[in-house]
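Here are the chains, one letter per residue:
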Amino acid sequence: DIMEPEFEAVLEACKQFPRADTGKKDYGYGTAGFRMRADLLPSVVFTVGLLASLRSRKCNGNVIGIMITASHNPAEDNGVKIVDPEGEMMSEEWEWYATWLANARDPEGLRNSYMQCMNQLRILRESPRKVIFARDTRPSGEALVKALKAALEASGTEYIDYGIATTPQLHYLVRATNTLGSDREYGEVSIEGYYKKLAAAFMNTMHIEYANQAGPVYVDCANGVGAPQLKELLKHLPEDKFKAIIVNDKIDQPDRLNNRCGADWVKTQQRVPEDFTGKAWDRWTSLDGDADRIVYYFCEEGSVFRLLDGDRIATLAADYIGELVTKSGLGEQIKLGVVQTAYANGASTKYIEKTLKLKVEFTPTGVKHLHHAAARQDIGVYFEANGHGTVLFSERAQKAMRKHQPQSTAQLNALTTLRALSNLINQTVGDALSDLLLVEVILSHKQWTVKEWLSTYSDLPNKLLKVNVMDRNKFITVPGSAERRLERPPAIQPRMDEIIAKYREGRCFVRASGTEDAVRIYGEAAEAYDVEDMLGHVTEVVINISGMFIEPWVY
Ligand code: G16
């Protein structure tokens with residue numbers, strides 16, 4: 001009924017946040033929710049608030065999370081994404097509804113779409129609903145929170161504003177809230193509880209006498225939310241067990257966010273961030289703007305830059321956790337699997353399959369895809385090459401770990417570490433702070449420096465480019481190809497195949513970004529100069545062919 005007070009309230013409230021003029025473009029729920037220039041977002045965030053309220057009602061009143069962040073994007077962007085009750089990304093079937101609401105043209109249109117959503121999704125209007133939310137350090141976050149609160153109030157939704165937090169902290173809070181009082185409580189429902197859980201688990205991994213950090217780890221926080229949150233985490237960890245030196249923590253200078261620093265910059269530029277002061281072999285890391293990604297790197301003598309990216313973290317974790325499973329006597333019961341995307345370096349895949357003898361599954365880009373594939377394994381290790389990932393312990397694996405009676409001290413030691421790691425590693429999403437502790441634990445247990453870590457295999461030379469085309473939505477990959485092949489525009493892939501065939505171990509693919517207005521081109525080959533050459537030719541093809549889409553009347 002159109003006269004219902006809730007629908008009236010939504011109609012009135014949304015008038016304060018009129019839809020911005022996006023020209024011919026529609027809003028789309030991309031790789032990580034809606035993401036674009038912050039000034040285009042208030043109306044979208046309002047509709048996301050409405051959808052989260054519906055989602056909570058549909059999920060029996062469980063808490064739904066909303067994160068306001070544009071993560072690795074430039075400071076002037078912002079974004080918004082929805083977190084489901086277990087702390088995972090919102091179920092994909094709902095993305096369609098998110099897009100539908102976001103694209104309503106006027107207040108009446110939005111009210112009507114909202115009512116229709118409720119009908120189509122068979123939601124009982126009176127059901128309980130609750131939403132929690134947080135944002136990164138971007139100044140535009142404040143205005144977006146206003147739009148969000150207006151939507152939550154209009155839809156009669158209870159909410160908690162957790163202020164500034166990392167994306168993985170918000171995911172943690174969602175799961176912790178919804179499991180509170182159950183037999184699978186995830187942790188205390190507060191950001192403090194998050195630190196306490198990580199710190200306790202970390203200390204439990206340090207039961208082995210010789211396990212000591214080999215010197216401090218340097219953390220470039222991308223001048224984002226990772227800086228204050230890591231400072232808080234450090235207060236919970238004794239310095240003789242964990243020492244981190246924070247770099248790029250200028251959150252009061254918003255334009256420095258992700259600017260010449262941070263995980264995305266270091267990974268794509270393959271060079272050290274601004275304010276790098278490392279000596280040869282020092283262990284450095286970079287987080288991204290919302291602290292869900294981390295990459296490691298160091299310089300050899302003579303300043304040769306060496307990157308230890310998400311693939312390296314995946315192989316290190318899979319190797320070590322696999323070893324613990326075997327050593328604790330659970331090898332027959334628990335199997336490990338690894339999930340990667342097309343961006344994974346071919347050498348890492350080969351190492352996982354041939355040396356670690358583990359299965360690798362490929363999914364399209366986006367944690368939401370990798371996460372689900374990993375959740376099907378007993379223990380699923382998933383990482384994107386860009387440093388976004390985690391390790392999931394299934395209920396089955398956790399049960400086996402709880403029940404197992406170790407037969408020797410060696411088995412007991414391995415089991416103790418394994419249990420501690422399952423608490424240390426964020427089970428909801430990739431988490432830079434948790435991954436940082438994980439890597440530090442593994443390196444100290446193995447008594448490895450970055451040198452031994454790097455020597456496990458040699459990366460194929462590679463490069464990632466970003467090309468601004470007129471309309472990235474015209475680029476569609478072949479379904480089921482995990483984005484390795486392009487279906488449209490039809491002329492590109494055949495031309496690429498001819499080019500790639502000329503290079504030894506050459507591999508290259510093109511896909512539209514889901515977070516930036518660009519097309520990404522990735523290439524790798526046996527020789528660095530071949531990568532350059534190959535990418536030069538492919539880029540030319542992409543620009544020439546996609547040039548057909550220039551619509552002169554737009555400009
Ligand atoms: C987001 C996603 C990642 C993805 C990245 C780039 O990262 O969460 O899974 O790899 O965007 O995606 P695309 O190539 O589609 O632009 P973040 O850290 O920005 O949230």
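Computed from a predicted model, the values in this text were never measured in an experiment.

Procedures and definitions
Residues numbered from 1 in each chain as written. Predicted model: local features only at pLDDT ≥ 70, side-chain atom pairs only at ≥ 80, totals over all residues. Heavy atoms only, no water. Salt bridge = Lys/Arg side-chain N within 4 Å of Asp/Glu carboxyl O. Helix = DSSP H or I, 4+ residues; strand = E, 2+ residues; numbered from the N terminus. Buried < 20%, exposed > 50% of the residue type's maximum accessible area, 1.4 Å probe, protein only. Expected span 1.5 Å × (residues − 1). Near = heavy atom within 4 Å. Polar contact = N/O pair within 3.5 Å; in protein donor to acceptor, adjacent residues only side chain to side chain. Areas by Shrake-Rupley, 256 points an atom, 1.4 Å probe, with all protein chains shown as cover. Nonpolar A, V, L, I, M, F, W, Y, C, P; charged D, E, K, R; others polar. Axes fitted to C-alpha atoms, helices over the stretch in contact; angles between N-to-C directions. Parallel < 35°, antiparallel > 145°, perpendicular 65-115°, else oblique. Contact = heavy atoms within 4.5 Å. Phe/Tyr/Trp six-rings, centres within 6.5 Å; stacked < 30°, edge-to-face > 60°. Lys NZ or Arg CZ within 6 Å of the ring centre and 35° of its normal. Core = buried A, V, L, I, M, F, W, Y, C linked by side-chain atoms within 4.5 Å. Left-handed = near helix turned anticlockwise from the far one by under 90°. Pairing = 2+ DSSP bridges. Disulfide = S-S within 2.5 Å. Domains from an automatic or database assignment. Buried area = accessible area lost by both parts, 1.4 Å probe.

### Here we look at the pattern of salt bridges
Taken as a whole and judged by the stated rule, the model has 46 salt bridges. Taking the shortest distance from any N to any O, the salt bridge between Lys81 and Asp290 comes out at 3.7 Å. You can see Lys81 sitting in strand E3 (residues 77–83) and its partner Asp290 sitting in the loop between strand E8 (283–287) and strand E9 (294–299), a full 209 residues away along the chain. Residues Lys81 and Asp290 agree in their burial class; the two are buried. Of the charged contacts, one joins Asp292 and Lys81 as a salt bridge, the two residues approaching to 4.0 Å between their closest N and O atoms. Of the two residues, Asp292 sits in the loop between E8 and E9 while Lys81 sits in strand E3, which places them 211 residues apart along the sequence. Using a relative accessible area of 2% as the deciding quantity, one classes Asp292 as buried.

### Description of helix H2 (residues 42–58)
For H2, which comprises 17 residues, the first-to-last C-alpha distance of 25 Å matches the rise-based estimate of 24 Å (1.5 Å per residue) to within 8%. Where burial is concerned, most of H2 is hidden: 15 out of the 17 residues are buried. Downstream of H2 by one or two residues, Asn60 has phi in the positive range, about 55°.

### A few points about the site of the ligand
Around the ligand sit 19 residues, and of these Thr31, His72, Glu384, Ser513 and Thr515 come closest. Residue Thr515 places a side-chain N or O atom 2.5 Å away from an oxygen atom belonging to the ligand. If the ligand stood free it would expose 470 Å²; the protein chains cover 98% of that surface. Residue composition of the shell around the ligand, grouped by class: two nonpolar, ten polar and seven charged.

### Digging into the packing of helix H7 (residues 191–205) against helix H15 (residues 432–446)
Remark: H7 packs on H15, axes separated minimally by 11 Å, with the N-to-C direction vectors making an angle of 10°. In terms of their interaxial angle, H7 and H15 are classed as roughly parallel. In this structure, H7 contributes Tyr194, Leu198, Phe202 and Thr205 to the contact, and H15 contributes Leu433, Ser434, Leu437, Val441 and His445. A breakdown of the residues in the contact of H7 with H15 according to their chemical character gives six nonpolar, three polar and no charged.

### Some remarks on the side chain of Ser513
By the element assignment, Ser513 lies in the loop between strand E18 (507–512) and strand E19 (519–524). Within polar-contact distance, the side chain of Ser513 engages the backbone nitrogen of Thr515 at 2.9 Å. Beyond its immediate stretch of four places on either side in the chain, Ser513 contacts Arg472, Ala518, Val519 and Arg520.

### Structural notes on the packing of aromatic side chains
Taken as a whole, this structure holds 23 aromatic pairs when the rule is applied. Ring geometry for Phe7 and Tyr114: centres 6.0 Å apart, planes at 80°, overall edge-to-face. In this pair, Phe7 is assigned in helix H1 (residues 5–14) and Tyr114 in helix H4 (residues 107–120), connecting sequence segments 107 residues apart. For the ring pair Phe202 and Phe242, a centre distance of 5.6 Å and an interplane angle of 75° mean the geometry is edge-to-face. One end of the pair, Phe202, is in helix H7; the other, Phe242, is in the loop between helix H8 (226–235) and strand E7 (244–247), with 40 residues separating them in the sequence. Each member of the aromatic cluster is reached from another via a ring pair, and the members are Tyr218, Phe276, Trp284, Tyr297 and Phe305. The lysine or arginine in question, Arg484, covers the ring of Phe362, its NZ or CZ lying 4.4 Å from the ring centre.

### So, the nonpolar core
If you look at the biggest cluster of nonpolar residues, it comprises 86 residues, and the most contacted ones within it are Tyr296, Ile321, Ile379, Leu421 and Trp453. With sequence-adjacent residues up to four places away left out, Leu421 is seen in contact with Thr205, Tyr320, Ile321, Leu324, Phe393, Leu438 and Val441.

### Details of the packing of helix H10 (residues 310–327) against helix H14 (residues 409–424)
Closest axis-to-axis distance for the H10/H14 pair is 8 Å, and the angle between their directions is 135°. By the angle class used here, H10 and H14 are oblique. Between H10 and H14 the crossing geometry is left-handed. Contacts between H10 and H14 involve Tyr320, Ile321, Leu324, Val325 and Lys327 from the first element and Ala410, Gln411, Ala414, Thr417, Leu418 and Leu421 from the second.

### Topic: the sheet that holds E18
The three strands are arranged E15-E19-E18 in an open sheet whose pairing can be described as antiparallel. Two strands close off the open sheet at either side, each with one partner strand: strand E15 (462–467) and E18. Neighbour-to-neighbour, the strand axes of the sheet open up by a mean angle of 15°, direction not taken into account. Summarising the sheet, E15 and E19 pair through six bridges and their orientation is antiparallel. When the bridges of E19 are listed, Asn462 appears paired with Glu524.

### Notes on the environment of Asp106
Summarising the element assignment, Asp106 is placed in the loop between helix H3 (95–102) and H4. Distance in space between the C-alpha atoms of Asp106 and Arg19 is 7.2 Å, their sequence separation being 87 residues. A distance of 2.7 Å separates a polar side-chain atom of Asp106 from the backbone nitrogen of Gly109.

### Structural notes on the sheet that holds E3
Strand order in this open sheet of five strands is E1-E3-E2-E4-E5, and the pairing throughout is mixed. With partners counted over all chains shown, the strands left at the sheet margins are strand E1 (34–37) and strand E5 (158–164), one partner each. Here the strands of the sheet are splayed against their neighbours by 15° on average, with no regard to which way each runs. As paired elements, strand E2 (residues 63–68) and strand E4 (residues 130–135) share six bridges and run parallel to each other. Paired with Met67 across the strands is Ala134, a residue of E4.

### A short note on the state of the cysteines
On inspection of all chains with the given rule, the structure shows zero disulfides. No disulfide involves Cys261; its nearest neighbouring cysteine sulfur is the one of Cys221, lying 9.4 Å away.

### Remarks on the domain arrangement of the chain
Per the domain assignment, the segments of the chain are domain 1 (5–164), domain 2 (204–307), domain 3 (310–437) and domain 4 (462–554). Its C-alpha centre places domain 2 at a distance of 23 Å from the equivalent point of domain 3. Counting residues at the interface gives 21 residues for domain 2, matched by 20 residues for domain 3. For the pairing of domain 2 and domain 3, the buried interface totals around 1700 Å² over both sides, and the portion due to carbon and sulfur atoms is 71%. Along the contact surface separating domain 2 from domain 3 lie four residue pairs in polar contact (both at pLDDT 80 or more). Breaking the side of domain 2 that touches domain 3 down by element, the ones donating at least two residues are H7, strand E6 (217–220), H8, E8 and E9. Of the residues belonging to the side of domain 2 that touches domain 3, the class tally is 13 nonpolar, five polar and three charged.

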